[in-house]
Each structure stands twice: as C-alpha cells, then as structure tokens.
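Structural characterization, general
Spelled out, the chains give:
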Amino acid sequence: MEFPFIPMKPYFTEKELEVYKKKLLDKKKELEQGLNKFAEKDPNLKGDYDTRYPDFGASQSVDEEALEVASYESSLSLEHNLELRLQDLEQALKRIKKGTYGKCQQKDCDGYIRKERLEIYPEAKFCMRCLPEKSKHTEI
Ligand SMILES: [Zn+2]
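Residues numbered from 1 in each chain as written. Predicted model: local features only at pLDDT ≥ 70, side-chain atom pairs only at ≥ 80, totals over all residues.

1. Some words on unusual backbone geometry
One non-glycine residue, Asp 108, lies in the positive phi region at around 70°. In this fold, Asp 108 is placed in the loop between helix H3 (62-98) and helix H4 (115-120). (Helix = DSSP H or I, 4+ residues; strand = E, 2+ residues; numbered from the N terminus.)

2. A closer look at H3
With 37 residues, H3 should cover 54 Å at 1.5 Å per step; its first-to-last C-alpha distance of 53 Å lies within 8% of that length. Gly 99, located one to two residues past H3, shows a positive phi value of around 80°. (Expected span 1.5 Å × (residues − 1).)

3. With respect to the environment of Glu 32
Mapped onto the fold, Glu 32 is located in helix H1 (residues 14-41). Residue classification places Glu 32 among the partly exposed positions, given that 13 C-beta atoms sit within 10 Å. Distance in space between the C-alpha atoms of Glu 32 and Leu 82 is 8.4 Å, their sequence separation being 50 residues. (Buried ≥ 20, exposed ≤ 12 C-beta atoms within 10 Å, placed from the backbone.)

4. Section: the nonpolar core
In terms of nonpolar packing, the biggest core is built from ten residues, these being Tyr 20, Leu 24, Leu 89, Ala 92, Tyr 101, Cys 104, Ile 113, Leu 118, Ala 124 and Cys 127. Split by domain, this core shows at least three residues from each of two domains, domain 1 (14-101) and domain 2 (102-140). With residues up to four places along the chain from it excluded, the contact list for Tyr 20 reads Ile 96, Tyr 101, Leu 118 and Pro 122. (Core = buried A, V, L, I, M, F, W, Y, C linked by C-beta atoms within 7 Å. Domains from an automatic or database assignment. Contact = placed C-beta atoms within 7 Å.)

Here it is, written out as structure tokens:
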C-alpha cells in the first residue's frame, strides 16, 4: 500500500542525530566565541555611544557623524544577527531532544528538510517549499 501524498519521514539513526548534534554544538561554540570577541572589543558599546553622541556636531562633520552612526548600527545588526543564529542553533538542539528534528517548522506544513541540507545547515527550520524567498539563494 502506498501513500503518495504523505511526505516520507526521513529516517534518522541515533548515529546521524549525534552527527547533527555535534555540528550544532560546534557552530554554537563558534558563534559564542564570536559574540565574546565582539563584547570584548567594545564591552560598553551602547553606553559609550549614548554618552558620546551629544558631543557630535561641533567637532565632527555631518559625514563623520553619519559614519559613526552607520558603524554603530552595523555592529548592532551584526550582534543581533549572531544572536538570532544562536537561537536557531539552540532551537534545533531542542528539536533533536524532542524527536522533531528535521521537520519543517512552518505551521500547517508536514514537510521535512532534506538530509543534504541539514548536513550544511543543521539549524535549518523550513523545507524548501516554506523557505522564505530571500533566503533561497543563501540556503540550498
Ligand atoms: Zn514546509
């Protein structure tokens, strides 16, 4: 008997799950190290910015000021980005624990993420069908 419309659940062996888990933990460690470096580089980024900001104007040109703001914003967005990626990794680790790893996280989707993608993006959340259009060229 066949069920052609039901997506086939990928079969993960204990060993495979261990491999994904290790990949996730390695990535997590790497990200945390990245974030730490970030924090060391400028531990009081926000406070520093707040105190310096009112001094702008008299001594700095508008261009210089804009540059400062841009660099502050790009640092913030980098930090934010790293934090989001860290969350994705943590959620994927939770899914391994819960036994839902590999399942598409889109509500109402019962699809699964291909193993070849999980090999590269062990934190992948969506199947190809649900993947947001803009991330399609960054993910496979
Ligand atoms: Zn999906």
